[in-house]
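# Residue-level structural notes
The lines below spell out each chain.
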Amino acid sequence: MKELVVAGDPIEHSLSPVMQNAAIEEMGLENEFVYKKKQVKKEDLPKFIDYLKNIEGANITIPHKVQVLRYLDELTKEAEFIGAVNTIYKKDGNLVGHNTDGQGAVEAVLEKTTIESSKACIIGAGGAARAIAFTMALYNIKELIIMNRTVGKAQELSKEINQKTSTNCTASPLSKNVNADIIINTTSLGMKGDKQNQTPIEAKNLQPDMTVMDIVYNPLETKLLKDAKEAGCTIIDGVGMFVNQGALALEKWTNKKAPRKIMRNAVMKSLNG
Ligand code: ATR
């Protein structure tokens, strides 16, 4: 049996195993692959790398997406460009780091609107923001704004994007107001728990011609998305990116097309159950 794991901390509430095992079964690979979750604390990352040598591959999540780079033998061009890894696979015994977060998010956006020539605002400057910002920069975007509570982090990321791409990228502090065609929240504001009633953008600043995406998927309708829906915006929920990044990872491990609809249904069932 080939083992796949999602490694992170906290990991208890991850829906990756439910989503990936539903896909594995639909693909008829349940006797070949199994997908599990594994709690890996910050200090246990080197030990996890040893473990990884004996299994097929992994997804990497908070807090290891950047730290893991130094332990890998190779990086794909996406992982190298973004500077973070969410997927590890093996090639000739080597551990290869890859990133499917950015592509997963961009595919979710492209299902609803065009990126080319648009002005986009990414809220947050952490690992997810990094992947999305760098990937969107490859799609001929007109202007990119990185908005973050800690403005220094937004400035660093925007500087890197201006250096590595031809995108016009600026940094801004979190301001509750923004003028952009596409707004993507990558912070934990709105997430189930004590931040559930919070939102990064005030409702009155949302306009009907905006496309608003939240990468938070629990709850599925965050305060930001609820406000955006009421304002007449096009909305994109966080399950889209989650499914796409998982499907792209599964395709790397199996070399087969992953069933995105089945994966989405499995996630929705868990969220509603
Ligand atoms: P991820 O890998 O999911 O992006 P992360 O790297 O921990 O996670 O990044 C979390 C992002 O959420 C950061 O941009 C963080 O802002 P700071 O850089 O100022 O810490 C943002 N964030 C977390 N809690 C927040 C809050 N209460 N208000 C505003 N932004 C918040």
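Note that this is a predicted model, so its numbers are computed, not measured.

### Side note on the pattern of salt bridges
Taken as a whole and judged by the stated rule, the model has 15 salt bridges. The shortest N-O distance in the salt bridge between D9 and K41 comes to 3.9 Å. Taken as a pair, D9 in the loop between β1 (2-8) and α1 (16-26) and K41 in the loop between β2 (33-39) and α2 (45-52) lie far apart in primary sequence, 32 residues in all. You can call D9 partly exposed: its relative accessible area is 22%. Judged by its relative accessible area of 35%, K41 is partly exposed. Note that E78 is salt-bridged to K77, the shortest N-O span being 3.6 Å. Under the relative-accessibility criterion, E78 is labelled partly exposed at 31%. Bridged by salt links that share partners, the residues E251, K257 and R260 form one connected network.

### Considering the layout of surface pockets
Looking at the second largest pocket, its volume works out to about 300 Å³. Along its surface, the second largest pocket is lined by 16 residues, and E111, D237, V239, G240 and R264 are the ones closest to its centre. Here the lining of the second largest pocket gets four residues from one element, more than from any other, and that element is helix α8 (residues 238-254).

### A word on the packing of helix α5 (residues 127-137) against helix α6 (residues 151-164)
Remark: α5 packs on α6, axes separated minimally by 11 Å, with the N-to-C direction vectors making an angle of 25°. By the criterion of interaxial angle, the relationship of α5 to α6 is roughly parallel. The element α5 and its partner α6 pack so that their crossing is right-handed. Together, A129, R130, A133, F134 and A137 of α5 and L157, E160, I161 and K164 of α6 make up the contact between the two elements. The residue makeup of the contact of α5 with α6, split by class, is six nonpolar, no polar and three charged.

### Quick notes on helix α9 (residues 260-272)
Over its 13 residues, α9 extends 18 Å from the first C-alpha to the last, a length consistent with the 18 Å expected when each residue adds 1.5 Å. Those residues of α9 not exposed but buried are M263, A266 and V267. On an axial view of α9, the arc spanned by its buried residues comes to 95°, and they lie on one face. For α9, the exposed residues lying more than 90 degrees away from the buried face are K261, N265, K269 and N272.

### Points about the site of the ligand
Residues in contact with the ligand amount to 15 residues; listed here are only the nearest, A125, N148, R149, T150 and K153. The separation between an oxygen atom of the ligand and a polar side-chain atom of N148 is 2.7 Å. The fraction of the free accessible surface of the ligand (650 Å²) that becomes covered by protein chains is 75%. Among the residues making up the shell around the ligand, the classes are represented as five nonpolar, seven polar and three charged.

### Things to note about the packing of aromatic side chains
Per the counting criterion, the structure on display carries four aromatic pairs. When the ring centre of Y51 is taken as reference, the NZ or CZ atom of K38 above it lies at 4.2 Å. In this structure, K164 is placed above the aromatic ring of F134, and the distance from its NZ or CZ to the ring centre is 5.1 Å.

Parameters and conventions
- Residues numbered from 1 in each chain as written.
- Predicted model: local features only at pLDDT ≥ 70, side-chain atom pairs only at ≥ 80, totals over all residues.
- Heavy atoms only, no water.
- Salt bridge = Lys/Arg side-chain N within 4 Å of Asp/Glu carboxyl O.
- Helix = DSSP H or I, 4+ residues; strand = E, 2+ residues; numbered from the N terminus.
- Buried < 20%, exposed > 50% of the residue type's maximum accessible area, 1.4 Å probe, protein only.
- 1 Å grid on protein atoms, 1.4 Å probe; cavity = no way out; pocket = protein on both sides within 12 Å on 5 of 7 lines; lining within 4 Å.
- Points joined across faces, edges and corners; volume = space filled by probe spheres on them.
- Axes fitted to C-alpha atoms, helices over the stretch in contact; angles between N-to-C directions.
- Parallel < 35°, antiparallel > 145°, perpendicular 65-115°, else oblique.
- Left-handed = near helix turned anticlockwise from the far one by under 90°.
- Contact = heavy atoms within 4.5 Å.
- Nonpolar A, V, L, I, M, F, W, Y, C, P; charged D, E, K, R; others polar.
- Expected span 1.5 Å × (residues − 1).
- Arc of directions from axis to C-beta.
- Near = heavy atom within 4 Å.
- Polar contact = N/O pair within 3.5 Å; in protein donor to acceptor, adjacent residues only side chain to side chain.
- Areas by Shrake-Rupley, 256 points an atom, 1.4 Å probe, with all protein chains shown as cover.
- Phe/Tyr/Trp six-rings, centres within 6.5 Å; stacked < 30°, edge-to-face > 60°.
- Lys NZ or Arg CZ within 6 Å of the ring centre and 35° of its normal.

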